[in-house]
Amino acid sequence: SWTPGQIIEDAVARIKEQVGSDQVILGLSGGVDSSVAAALIHKAIGDQLHCVFVDNGLLRLDEGDQVMATFASNMGVKVTRVNAQQRFYDALAGETDPEKKRKIIGNLFVDIFEEESNKLKDAKWLAQGTIYPDVIESAGAKTGKAHNIKSHHNVGGLPDYMKLQLLEPLRELFKDEVRTVGEELGLPHQMVWRHPFPGPGLGVRILGEVKEEYCEILRRADAIYIEELYESGHYHKISQAFAVFLPVKSVGVMGDGRTYEYVVALRAVETKDFMTAGWYPMPYADLARISNRIINEVKGINRVTYDISSKPPATIEWE
Ligand code: XMP
């Protein structure tokens, strides 16, 4: 059996051989796969790798800064951060349909990524963090076997006319191998063992129309939830956990005043394959603490609920 060190050594040699002195471009999302791909390719070819990180305004609290700190500051990877928050909010304004929201976010990402790639005229390769399960999944899609209930924009790739060759150094690896390789490459433990995060991000965790104000509220609630899950030791027993913003107001009371604020739902699931999932039996004491913190610390929220739906018939995300 292979050690992460051997996998890395092998991959580095192969990348060097494939790429030679060409320039490579990679869309860094902050997720495990693109992060490990970036670290691996950087180890192989250093400054020939150019990463583009698009901040779409739908990321978690401080995520953009963390990505820049990890890659640009600590590892010396060339990363262009594109602050496209407003473009995404403008494009999403007025749209309430979940699938249309996904398409808007996916298409705008491709547009922006293309604009950035055009600035790197010499790039000959497009690197992607495709892993083995993605390869299987898209093979299934071609034969019509995969039932994608929601369009997962980030496995689609870029338009053909970009004419870049694909560099996919993680194509033969399973998720756990990718994580071990990431750790061996020196990526932060928390980044490597993070729960999956959907490409459209908070865009599908804000029900209906996405507004900047809602994103800010949700980011703060989600950060408290996740922090509490780490501290109470639940995080690594859960497959995926996140907060959802419900754009409905309910009445509450604070001090001697009446409040009328939004609702947040907390989701935590256990699953092996994300096709079916059960809700995580979170102890009441933890729920109580998390709920109190969110309501006390996040302006705009006066009610927290816990999602006790399994998949099926519910899905993991709310949209
Ligand atoms: P559902 O909600 O379909 O989610 O039960 C299953 C898994 O897929 C993730 N998910 C997405 N990932 N783009 C993604 O990259 C998407 O549009 C998307 N929708 C759902 C979800 O977070 C869960 O891990």
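All of these numbers come straight from a predicted model, not from anything done at the bench.

Q: Which parts of the structure should I look at to understand the UniProt feature "binding site: ATP" (unreviewed entry) in the protein chain?
A: Feature annotation in UniProt places "binding site: ATP" (unreviewed entry) on Ser 29, Gly 30, Gly 31, Val 32, Asp 33, Ser 34 and Ser 35, given in this structure's numbering. Tracing the chain through its elements places Val 32 in helix H2 (residues 32–45). When the 23 C-beta atoms within 10 Å are taken as the criterion, Val 32 is described as buried. In contact with Val 32, not counting residues within four places along its chain, are Val 178, Arg 179, Gly 182, Val 192 and Arg 194. Position of Ser 34 relative to the elements: it lies in helix H2. With residues up to four places along the chain from it excluded, the contact list for Ser 34 reads Leu 26, Gly 27, Leu 28, Ser 29 and Gly 129.

Q: Is there a simple way to think about the pairing of strand E3 (residues 78–83) in this case?
A: Working note: regular strand, side chains alternate between the two faces of the sheet. Note: strand E2 (residues 49–55) against E3, six bridges, orientation parallel. Each bridged residue has a counterpart across the sheet, and for His 50 the counterpart in E3 is Lys 78.

Q: In this structure, what is going on with unusual backbone geometry? I would like to understand it.
A: Note: most peptide bonds trans; most residues except glycine with negative phi. Note that the residue after Lys 311, namely Pro 312, is joined by a cis bond; omega there is -15°. Within the element layout of this structure, Pro 312 appears in the segment after strand E9 (301–306). Of note, the bond from Pro 312 into Pro 313 is cis; its omega dihedral lies within 30 degrees of zero at 5°. Positioned with a positive phi, Asp 62 is a non-glycine residue whose angle comes to about 60°. Inspection of the secondary structure assignment puts Asp 62 in the loop between E2 and helix H3 (63–74). A tally of 11 C-beta atoms within 10 Å means that Asp 62 is categorised as exposed. Its identity as a non-glycine residue notwithstanding, Phe 274 has a phi of 65°, on the positive side.

Q: Please clarify how the sheet that holds strand E4 (residues 123–127) should be interpreted in this entry.
A: Note: strands within a sheet are paired through backbone hydrogen bonds, in either parallel or antiparallel orientation. The five strands lie next to each other as E3-E2-E1-E4-E5, forming an open sheet whose pairing is parallel. A strand with exactly one partner marks an edge of an open sheet, and here the two such strands are E3 and strand E5 (165–167). Strand-to-strand twist across the sheet, computed as the mean angle between neighbouring axes with direction ignored, equals 30°. Bridge count for strand E1 (residues 23–28) against E2 is five bridges, and the pairing is parallel. Its bridge partner lying in E2, Gly 27 is registered against Val 52.

Q: Looking at this model, I keep getting lost on the nonpolar core. Mind explaining?
A: Val 24, Leu 26, Ile 41, Cys 51 and Ala 221 are the most contacted members of the largest nonpolar core, which totals 76 residues. Once residues within four sequence positions are removed from consideration, Cys 51 is found in contact with Leu 26, Leu 28, Ala 38, Phe 71, Val 77, Lys 78 and Val 79.

Q: Would you take a moment to explain the domain arrangement of the protein chain for this structure?
A: Put simply, an interface is often sized by how much accessible area is lost when its parts join up. We note that the domain assignment places domain 1 (4–192) and domain 2 (205–306) within the protein chain. Centre-to-centre separation of domain 1 and domain 2, based on C-alpha positions: 28 Å. Taken together, the residues that form the side of domain 1 that touches domain 2 break down as four nonpolar, three polar and three charged.

Conventions adopted
Residues numbered from 1 in each chain as written. Predicted model: local features only at pLDDT ≥ 70, side-chain atom pairs only at ≥ 80, totals over all residues. UniProt positions renumbered as here; feature names shortened; annotations may be inferred. Helix = DSSP H or I, 4+ residues; strand = E, 2+ residues; numbered from the N terminus. Buried ≥ 20, exposed ≤ 12 C-beta atoms within 10 Å, placed from the backbone. Contact = placed C-beta atoms within 7 Å. Pairing = 2+ DSSP bridges. Axes fitted to C-alpha atoms, helices over the stretch in contact; angles between N-to-C directions. Core = buried A, V, L, I, M, F, W, Y, C linked by C-beta atoms within 7 Å. Domains from an automatic or database assignment. Nonpolar A, V, L, I, M, F, W, Y, C, P; charged D, E, K, R; others polar.

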